[in-house]
Amino acid sequence: MTTDKNIPVHVSIIMDGNGRWARERGQERVMGHIAGVKSVRACAEESVRQGVKYLSLFAFSEENWGRPQAEVDALMKLMMKSLSDEVGTLMDNGVRFVVLGNRKRLSETLDSAITQLEKMTEGNQAMTLIVFLSYSGKWDILQAARRMAEEIAADPGKVVSPEDFDSYLVTAGIPDPDLIIRTSGEQRISNYLLWQGAYSEFLFTDVLWPDFHEEQYRAALDEYAKRDRRYGKVK
Ligand code: IPE
Ligand code: IPE
Ligand code: MG
């Protein structure tokens with residue numbers, strides 16, 4: 001069992017390997033994405049049980065828009081379906097739902113369905129589930145820099161600290177991830193939380209996302225509990 005004292009506040013997951021999972025079974029890639037929804041539910045419910053306050057999931061990157069249109073459409077359709085399928089589970093578990101990313105690129109139908117679910121779950125306090133959609137770390141830093149530059153132009157003497165910069169990122173108000181998990185054996189950040197992950201612990205596992213369930217998630221939390229975070233200091 002995981003000990004209470006070392007439970008991360010914010011766990012983030014780069015959910016990778018859906019396509020390979022499907023290919024191993026001789027199925028279309030989309031079947032891997034569909035199977036991956038179960039893993040989302042498993043990790044979200046386990047997070048609530050373990051007392052993780054923020055679970056964030058990298059669901060679709062800005063670069064993923066460059067995939068074949070049929071796959072992009074299938075992913076957006078799956079997102080739309082999951083929103084309505086999971087309302088009950090989110091409400092029953094007291095989970096607040098938030099989507100972060102370049103929302104302008106989403107269809108109006110999807111964007112308004114997301115906004116509706118965000119409003120409905122706004123008061124839920126057990127946990128916050130963040131889905132990064134049409135997100136990339138460089139995009140986030142750029143949009144933050146642009147907004148900050150506008151304010152500095154109006155007030156040239158303004159001094160900006162890293163904490164001030166945090167407030168321009170789409171993750172404003174959300175603590176930086178303590179643990180970033182990536183499934184499927186790839187060991188890279190793929191333009192994810194470049195600024196926010198400055199001191200995150202990383203955990204790479206060969207397990208493909210559709211096979212990552214409660215047991216694998218608990219094992220990741222156990223591994224995190226053993227890490228010694230020093231933040232550049234001497235202990
Ligand atoms: C992750 O699985 C889901 C998304 C990036 C949308 P992939 O679709 O990247 O699966 P692999 O990496 O090709 O196996
Ligand atoms: C990262 O996975 C993005 C998401 C999980 C949403 P990719 O499959 O897109 O990343 P690369 O191409 O292997 O770096
Ligand atoms: Mg991939």
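Residues numbered from 1 in each chain as written. Chains lettered and ligands numbered in written order. Predicted model: local features only at pLDDT ≥ 70, side-chain atom pairs only at ≥ 80, totals over all residues. Heavy atoms only, no water.

Judged by nonpolar contacts, the single largest core of 38 residues is most densely connected at Val11, Ile13, Leu55, Phe97, Ile181 and Tyr217. Element by element, the count of residues in this core is highest for helix α3 (residues 69-92), at six residues. Those residues in contact with Phe97 that lie beyond four places of it in its chain are Leu83, Leu90, Ile114, Leu117, Glu118, Thr121, Leu129 and Val131. (Core = buried A, V, L, I, M, F, W, Y, C linked by side-chain atoms within 4.5 Å. Buried < 20%, exposed > 50% of the residue type's maximum accessible area, 1.4 Å probe, protein only. Helix = DSSP H or I, 4+ residues; strand = E, 2+ residues; numbered from the N terminus. Contact = heavy atoms within 4.5 Å.)

What follows deals with the site of ligand 1. Surveying the vicinity of ligand 1 reveals 13 residues, the closest of which are Asp16, Gly19, Arg20, Arg29 and Arg67. A distance of 2.9 Å is found between an oxygen atom of ligand 1 and a backbone nitrogen or oxygen belonging to Gly19. Relative to its unbound accessible area of 380 Å², ligand 1 is 87% covered by the protein chains. In this structure, ligand 1 is accommodated by the largest pocket. Looking at the shell around ligand 1, the elements that each hand over two or more residues are α1 (18-24), α2 (29-50) and α3. Classifying every residue of the shell around ligand 1 by side-chain character gives three nonpolar, five polar and five charged. (Near = heavy atom within 4 Å. Polar contact = N/O pair within 3.5 Å; in protein donor to acceptor, adjacent residues only side chain to side chain. Areas by Shrake-Rupley, 256 points an atom, 1.4 Å probe, with all protein chains shown as cover. 1 Å grid on protein atoms, 1.4 Å probe; cavity = no way out; pocket = protein on both sides within 12 Å on 5 of 7 lines; lining within 4 Å. Sits in = over half its atoms within 2 Å of the grid points. Nonpolar A, V, L, I, M, F, W, Y, C, P; charged D, E, K, R; others polar.)

This paragraph deals with the site of ligand 2. Near ligand 2 you find Ile14, Met15, Asp16, Phe58, Ala59, Phe60, Ser61, Asn64, Arg67, Arg182, Arg188 and Ser190, and these make up its full shell. At a separation of 3.3 Å, an oxygen atom of ligand 2 approaches a polar side-chain atom of Arg182. For ligand 2, an oxygen atom lies 2.8 Å from a polar atom in the side chain of Arg188. In isolation ligand 2 exposes 390 Å². Once the protein is present, 78% of that is buried. Cavity membership is defined here by more than half of the atoms lying within 2 Å of grid points; on that basis ligand 2 lies in the largest pocket. The dominant element in the shell around ligand 2, judged by the number of residues it contributes, is strand β2 (residues 54-61), at four residues. Residues of the shell around ligand 2, tallied by class, amount to five nonpolar, three polar and four charged.

Bringing the pattern of salt bridges into the picture now. Enumeration according to the criterion identifies 22 salt bridges in this entry. Taking the shortest distance from any N to any O, the salt bridge between Arg20 and Asp16 comes out at 3.5 Å. With a shortest N-O distance of 2.8 Å, Arg49 and Glu46 are connected by a salt bridge. Residue Arg49 and its partner Glu46 are both found in helix α2; the two are separated by three residues, about one turn of the helix. Each of Asp16, Arg20, Arg182, Glu186 and Arg188 takes part in a single network of salt bridges with overlapping partners. (Salt bridge = Lys/Arg side-chain N within 4 Å of Asp/Glu carboxyl O.)

Another point: α2. Between the first and last C-alpha of α2 there are 32 Å, a value that for 22 residues agrees with the 32 Å anticipated at 1.5 Å per step. The set of residues buried in α2 consists of Gly32, His33, Ala35, Gly36, Val37, Ser39, Ala42, Cys43, Ala44, Glu46, Ser47 and Gln50. If you follow the buried residues of α2, they end up packed against β1 (10-14), α1, β2, α3, β4 (127-135) and α7 (214-226). Downstream of α2 by a residue or two, Gly51 has a phi angle that is positive, lying close to 85°. (Expected span 1.5 Å × (residues − 1).)

Put simply, the largest pocket is a space of about 960 Å³. For the largest pocket, the lining is made up of 45 residues, of which Met15, Asn18, Phe58, Ala59 and Phe60 are closest to its centre. Secondary structure elements with two or more residues in the lining of the largest pocket: α1, α2, β2, α3, β3 (95-100) and β4. Of the residues that constitute the lining of the largest pocket, the class distribution is 23 nonpolar, 11 polar and 11 charged. Here the second largest pocket defines a volume of roughly 170 Å³. Along the wall of the second largest pocket there are 13 residues; nearest its centre are Asp176, Trp195, Gln196, Ala198 and Tyr199. Counted by class, the lining of the second largest pocket contains six nonpolar, two polar and five charged residues. (Points joined across faces, edges and corners; volume = space filled by probe spheres on them.)

Just distances and angles here, no functional claims.
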